[in-house]
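# Structural features, examined
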Amino acid sequence: MTDAELVLRSTRVVTPEGTRAASVAVADGTITAVTAHDAPVPDGARLEDLGDDVLLPGLVDTHVHVNDPGRTEWEGFLTATRAAAAGGITTLIDMPLNSLPPTTTVGHLRAKQWVAAGKAHIDVGFWGGALPDNVRDLRPLHEAGVFGFKAFLSPSGVAEFPHLGQEQLARSLEEIAAFDGLLTVHAEDPRHLAAAPQRGGPRYADFLASRPRRAEDTAIAHLVDLARRLDARVHVLHLSSGDALPVIAAAKADGVRVTVETCPHYLTLTAEEVPDGASEFKCCPPIREAANRDLLWQALADGTIDCVVTDHSPSTADLKTDDFSTAWGGISGLQLSLPAVWTEARARGHGLEDVVRWMAAHTARLAGLGTRKGAVAPGHDADFAVLAPDETFTVDPAALQHRNRVTAYAGRTLHGVVRSTWLRGRRVMAGGEFTEPKGRLLTRSHGHRHPRGRTGTP
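Residues numbered from 1 in each chain as written. Predicted model: local features only at pLDDT ≥ 70, side-chain atom pairs only at ≥ 80, totals over all residues. Heavy atoms only, no water.

### Topic: the overall build of the chain
Applied cut-off: Only DSSP runs of H or I reaching four residues or more are called helices, and only runs of E reaching two or more are called strands; each is numbered from the N terminus. Radius of gyration here is computed from C-alpha atoms only, and the compact-globule reference equals 2.2 Å multiplied by the residue count raised to the power 0.38. Burial here depends on accessible area, computed with a 1.4 Å probe over protein chains only, as a share of the maximum for the residue type. Under 20% is buried, over 50% is exposed, and the range in between is partly exposed.
A tally of helices and strands in the chain yields 12 helices and 18 strands. At 21 Å, the chain has a C-alpha radius of gyration in line with the 23 Å of a compact globule built from 458 residues. C-alpha extents for the chain along the principal axes are approximately 70 × 45 × 45 Å. Sorting the 458 residues of the chain into buried and exposed places 61% on the buried side.

### Digging into the nonpolar core
Just so we agree on the cut-off: Throughout this description, the term nonpolar core refers to a set of buried Ala, Val, Leu, Ile, Met, Phe, Trp, Tyr and Cys residues connected via side-chain atoms within 4.5 Å. Any two residues having at least one pair of non-hydrogen atoms within 4.5 Å are treated as being in contact.
Ranked by size, the top nonpolar core spans 101 residues in total, and within it Leu56, Phe149, Leu183 and Leu239 carry the most contacts. Not counting residues within four places of it along the chain, the set of residues in contact with Leu183 comprises Ala130, Phe149, Ala151, Leu169, Leu173, Ile176, Arg233, Val234 and His235. Among the nonpolar cores identified, the runner-up in size contains 15 residues, and Val24, Val26, Ile31 and Ala382 belong to it.

### Quick word on the layout of surface pockets
What counts here: A cavity here means a set of points on a 1 Å grid, drawn over the protein atoms and nothing else, where a 1.4 Å probe fits but cannot get out; a pocket is an open set with protein on both sides within 12 Å along at least five of seven lines, and a residue lines either one if it has an atom within 4 Å of a point. Grid points are joined across faces, edges and corners, and a volume is the space filled by probe spheres set on the points.
The volume enclosed by the largest pocket comes to roughly 610 Å³. Within the residue set of the lining of the largest pocket, elements represented by two or more residues are β10 (149-152) and α6 (204-210). Sort the elements by how many residues they give to the lining of the largest pocket and α6 lands first, with 3 residues. The calculated volume of the second largest pocket comes to roughly 360 Å³. Contributing to the lining of the second largest pocket are 20 residues, with Ala86, Gln335, Phe393, Val417 and Val418 lying nearest its centre.

### Thoughts on the side chain of Asp206
Tracing the backbone shows Asp206 in helix α6. Each residue touching Asp206, except ones within four places of it in the same chain, is listed here: Arg199 and Gly200.

### Here's the deal with the sheet that holds β10
Note the threshold: Should DSSP find at least two bridges between two strands, the strands are taken to pair.
The 6 strands are arranged β9-β10-β11-β12-β13-β14 in an open sheet whose pairing can be described as parallel. Two strands lie at the open edges of the sheet, namely β9 (128-129) and β14 (307-308), each paired on one side alone.

### Considering the sheet that holds strand β7 (residues 89-94)
Heads up, the condition is: Axis geometry follows a simple rule: fit a line to the C-alpha atoms, using only the stretch in contact for helices, then measure angles between N-to-C directions, giving values from 0 to 180 degrees.
An order of β6-β7-β8 is seen for the 3 strands of this open sheet, with the pairing classed as parallel. Lying at the two open borders of the sheet, with one neighbouring strand each, are β6 (59-64) and β8 (123-126). Averaged over all pairs of adjacent strands, the angle between their axes in this sheet comes to 20°, without regard to strand direction. In this fold helix α1 (residues 77-86) packs onto β7 and β8, with an angle of close to 140° to the strand it touches most, β7.

### Some thoughts on the pairing of β10
Residues in a regular strand project their side chains so that they alternate between the two faces of the sheet. Heads up, the condition is: Consider the strands pointing away from the viewer: the crossover is right-handed when the path from the first strand over the helix to the second runs clockwise.
Going residue by residue along β10, you find Phe149 and Ala151 tucked away on one face and Lys150 and Phe152 tucked away on the opposite face as well. Summarising the sheet, β9 and β10 pair through 2 bridges and their orientation is parallel. Paired with Gly129 across the strands is Lys150, a residue of β10. Taken together, β9, helix α3 (residues 135-144) and β10 constitute a β-α-β crossover, and its handedness is right-handed. Bridging between β10 and strand β11 (residues 182-186) involves 4 bridges; their strand directions are parallel. Residue pairing across strands places Phe152 opposite His186, the latter belonging to β11.

### What about unusual backbone geometry?
Of note, the amide linkage connecting Asp68 to Pro69 takes the cis form, showing an omega dihedral of 5°. In this structure, Pro69 sits in the loop between β6 and α1. The residue after Cys284, namely Pro285, is reached through a cis peptide bond having omega -5°. Among the structural elements, Pro285 can be located in the loop between α9 (264-268) and α10 (290-302). The residue Asn67 is not glycine, and still its phi comes out positive at about 70°. With respect to the element layout, Asn67 can be found in the loop between β6 and α1. The buried category is assigned to Asn67, whose relative accessible area is 1%. The backbone of Asn98 sits at a positive phi, close to 80°, despite the residue not being glycine. As for its position among the elements, Asn98 is in the loop between β7 and α2 (106-116).

These figures capture arrangement, not role.
Shown next, in the form of structure tokens:
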């Protein structure tokens, strides 16, 4: 541990090999060693003794809608990354839609990087978008450093990001497979959605009936078949239907290159508890019944579901009307994702090592950042979350950092207080206080970062 500027010491450090008492040495923003808890601190190094608080790798959230530029009143890079830092997240990948313009050309990517530069409290990367008319833009976006591509198989909710029909999906996926890119997919079949009852109004049961499980199941089965035929990499976004799990498990067993995520709200909330008119609980696909939630937890435990991400998708409060058919669909979860998942995980017998695997290691791997992010291990970025796992707090919307403080978790008591968050060996949040933004804009190769600062024109 001779090469160290900083040493973080804890009786509980979550490493890839397990949880143990350790000292973690940091130099030039990188972890240089993980050694014995009582290892001597090198001359000139600063010691941060965390006591019994748990040292975790910073979480990696690969599904975030920052909405900036264009809908900055909904969110923005400054507020989204501050909320992420408050929740122990040190890297996020921004979704290509709900911003104007969407990230569907290299020029649009540059516009988004221009806006984000200097505003990020944590590291930020970008997904590209796959639209019916931008197949020719996919390879240039890949070469410009997006981490993959997002597509919808049903209407997205915003006119500037139309969904792909089956032939358009095949054409886009064939192009992406040609350079071994990754396609991430909102998988709901529009025919099943159109056939479902559309009653509108404040009753959550009516909204749930309008987004049936079979819409997810059918779309996922088609996506898996296409990935098998093209030997393509696909990722199922925000899985809510437990009925789709057997198809996914069989595909994985057959060697199909499919990965799957779910979200904290599907793992911690249930349809039975959603009050009528409470559209802060609205998302697509929807929060389903408790029995379905149990299936998702089983799939996390057995590896059918790979990771947990927020799908943070905020809007202004006025768009969250009491009519579920017209209210904006999205749940804001960046700041609360770790304690929400940990609260339910511990009740089901899971440990923090499991949470780290789902929310840091596997998400980093999904984005191609697994050699630098998502683990407390030598050679990785010194990104950390310091957690008091046994402390509880009650969610107060006024204490949240995202721009519009609407939350489905208001009033819930959660386990796990994030004491501090560290980015490349610098503390960026402690006790709810934040430093100036120090995050970097990442491209697909972590070693090739988009320069900090405004270096071009949008």
